[in-house]
Structure formats: structure tokens, C-alpha cells
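What the coordinates show
Each chain, letter by letter, is given below.
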Amino acid sequence: MIREYNGEVLVLLGTMTTILLFFLVFSIKSRLRRQFIVSSLLLVTGYIFFLVGMTIVRDWDALGWLALGLILYVLGMILHVGIVIYQKLKIRREGQS
């Protein structure tokens, strides 16, 4: 099955898997676990949609699954990074008061 895919697709899938694992480990180790539930859910859902589009669905329908998965994945990443930045700024602002 792996022979069917190009090198670019495998590199993209490996990169997405690595990023997903880093974000999930960071979420689990963080003391702000509740704030990361939505972003982690978006990341995992986007990853699953991307995998479904790449492996199960074929033709033009796969493009929709891939696009939706990638959009959800990127939104989860942006939300995760936004939460971290907001918390850092909040701590810094409280320290100055």
C-alpha cells in the first residue's frame, strides 16, 4: 500500500504526525489541560479526515476530505498557539501589576 503514494505525501503525513504528537504531549504535560481540549480535538479530527481522504476515498471526493482535514488541522494549531501566547501575556501582565 505504501508504494502507491509519492514521497511528498509521505513527508507531509510524517510531518503532520510529528506535529500532532508534539502538540498532544505538550497538552498533556501542561497545567492548562482544559484550555487545550478544543484545539487538540480539532488537530485529531483534521488528522483523521486527512488520513481518510488519502487512504480510503478516491478521485475528486478525496480532495474535499484532504482540504477539510488540512483546514481543521491548521485551525487547531493556530488555536493551540494562540492559547499559549494569551496565557504568557496574561502572566506577564499580572506580574507587572
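Residues numbered from 1 in each chain as written. Predicted model: local features only at pLDDT ≥ 70, side-chain atom pairs only at ≥ 80, totals over all residues. Heavy atoms only, no water.

Here's the deal with the overall build of the protein
Tallying secondary structure elements over the protein gives three helices and zero strands in all. Its helices and strands in sequence order give the protein the pattern α-α-α, from N to C terminus. Over its C-alpha atoms the protein spans a radius of gyration of 16 Å, topping by over 25% the 13 Å that the globule rule assigns to 97 residues. By its C-alpha atoms, the protein is 60 × 20 × 20 Å across when sized along the principal axes. Expressed as a percentage of its 97 residues, the buried residues of the protein come to 28%. Residue pairs at least 24 apart in sequence account for 66% of intrachain contacts in the protein once pairs closer than 6 positions are excluded. Approximately 7,100 Å² of the protein is accessible, and the part contributed by carbon and sulfur atoms is 70%. Charged side chains in the protein number 10 positive and 5 negative. The centres of these two groups are separated by 23 Å. (Helix = DSSP H or I, 4+ residues; strand = E, 2+ residues; numbered from the N terminus. Rg over C-alpha atoms; globule rule 2.2 N^0.38 Å. Buried < 20%, exposed > 50% of the residue type's maximum accessible area, 1.4 Å probe, protein only. Contact = heavy atoms within 4.5 Å. Areas by Shrake-Rupley, 256 points an atom, 1.4 Å probe, with all protein chains shown as cover. Lys, Arg positive; Asp, Glu negative; His and termini not counted. Charge placed at Lys NZ, Arg CZ, Asp CG, Glu CD.)

So, the packing of helix H2 (residues 37–55) against helix H3 (residues 60–96)
Interhelical geometry of H2 versus H3 gives an angle of 160° and a closest axis separation of 7 Å. Taken together, the axes of H2 and H3 lie roughly antiparallel to each other. Every pair of crossing elements has a handedness; the one defined by H2 and H3 is left-handed. Residues belonging to the contact of H2 with H3 are distributed by class as follows: 18 nonpolar, seven polar and no charged. (Axes fitted to C-alpha atoms, helices over the stretch in contact; angles between N-to-C directions. Parallel < 35°, antiparallel > 145°, perpendicular 65-115°, else oblique. Left-handed = near helix turned anticlockwise from the far one by under 90°. Nonpolar A, V, L, I, M, F, W, Y, C, P; charged D, E, K, R; others polar.)

Re the packing of aromatic side chains
For the structure shown, the criterion picks out two aromatic pairs. Between phenylalanine 49 and tryptophan 65 the ring centres are 5.3 Å apart and the planes differ by 75°, which places this aromatic pair in the edge-to-face class. Of this pair, phenylalanine 49 sits in helix H2 while tryptophan 65 sits in helix H3, and the two are 16 residues apart along the sequence. (Phe/Tyr/Trp six-rings, centres within 6.5 Å; stacked < 30°, edge-to-face > 60°.)

Considering a nonpolar patch on the surface
A contiguous nonpolar patch, built from Ile37, Val38 and Leu79 and spanning about 260 Å² of accessible area, is present on the exposed surface. Relative to the assigned elements, leucine 79 resides in helix H3. (Patch = residues over 30% accessible without salt bridge, like charges linked within 9 Å, V, L, I, M, F, W, Y side chains within 5 Å. Salt bridge = Lys/Arg side-chain N within 4 Å of Asp/Glu carboxyl O.)

Looking at the nonpolar core
Core analysis: the largest hydrophobic core is formed by nine residues, namely Leu13, Met16, Leu20, Phe23, Leu43, Tyr47, Phe50, Met54 and Tyr73. The residues contacting tyrosine 73, other than those within four sequence positions of it, are Met16, Ile19, Leu20, Leu42, Leu43, Gly46 and Tyr47. (Core = buried A, V, L, I, M, F, W, Y, C linked by side-chain atoms within 4.5 Å.)

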